[in-house]
Amino acid sequence: NSDQLSEEEDWHELFCRKVGTHFDFTERPALPREQVDMDAFYEPYRQRKPPDYRTNFVIGWFQL
């Protein structure tokens, strides 16, 4: 749903601002090493309430 998408986009943006854009694929410039603050992302991320996707509409699946 749109609320879940918005929340995930917010987490992704925080990751890019605090950890870096090495998995961003938007061609934003890399974060200078001295500005990387992994704790500023991972501490709140560990404390977040895990998302509940159980009621979402399934559009596909895959097996590994």
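Residues numbered from 1 in each chain as written. Predicted model: local features only at pLDDT ≥ 70, side-chain atom pairs only at ≥ 80, totals over all residues. Heavy atoms only, no water.

With that out of the way, let us pick up the packing of aromatic side chains. Counted under the stated rule, the structure contains 6 aromatic pairs. Three or more aromatic residues joined by ring pairs make a cluster, and in this case those are Trp11, Phe15, Phe41, Tyr42 and Tyr45. (Phe/Tyr/Trp six-rings, centres within 6.5 Å; stacked < 30°, edge-to-face > 60°.)

Inspection of the secondary structure assignment puts Arg48 in the segment after α2 (38–47). A distance of 3.3 Å separates polar atoms of two side chains, one belonging to Arg48 and the other to Glu8. Dropping the residues within four chain positions of it, Arg48 is found in contact with Glu7, Glu8 and Trp11. (Helix = DSSP H or I, 4+ residues; strand = E, 2+ residues; numbered from the N terminus. Polar contact = N/O pair within 3.5 Å; in protein donor to acceptor, adjacent residues only side chain to side chain. Contact = heavy atoms within 4.5 Å.)

The geometry of helix α1 (residues 2–18) relative to α2 is characterised by a closest axis approach of 8 Å and an angle of 155° between their N-to-C directions. Viewed along their axes, α1 and α2 adopt a mutual orientation that is roughly antiparallel. Taken as a pair, α1 and α2 cross one another with a handedness that is left-handed. Residues Trp11, Leu14, Phe15 and Lys18 of α1 form the contact with α2, whose own contacting residues are Met38, Ala40, Phe41, Tyr42, Pro44 and Tyr45. (Axes fitted to C-alpha atoms, helices over the stretch in contact; angles between N-to-C directions. Parallel < 35°, antiparallel > 145°, perpendicular 65-115°, else oblique. Left-handed = near helix turned anticlockwise from the far one by under 90°.)

Attention shifts here to the environment of Asn56. Checked against the element boundaries, Asn56 lands in the segment after α2. Classification of Asn56 as partly exposed rests on a relative accessible area of 26%. Between the alpha carbons of Asn56 and Asn1 there is a distance of 7.2 Å; along the sequence they are 55 residues apart. Excluding residues within four positions of it along the chain, Asn56 makes contact with Asn1 and Gln4. (Buried < 20%, exposed > 50% of the residue type's maximum accessible area, 1.4 Å probe, protein only.)

Here we come to the pattern of salt bridges. In total, this model carries 6 salt bridges according to the counting rule given. Notably, a salt bridge pairs Glu7 with Arg48, separated by 3.8 Å at the nearest N-O pair. Note that Glu7 is positioned in helix α1 and Arg48 in the segment after α2, a separation of 41 residues in sequence. Looking at Arg48, the relative accessible area reads 16%, which means it is buried. One salt bridge connects Glu8 with Arg48, and the closest N-O pair in it is separated by 3.3 Å. Pair noted here: Glu8 is in helix α1 and Arg48 is in the segment after α2, with a separation of 40 residues, a long-range link. (Salt bridge = Lys/Arg side-chain N within 4 Å of Asp/Glu carboxyl O.)

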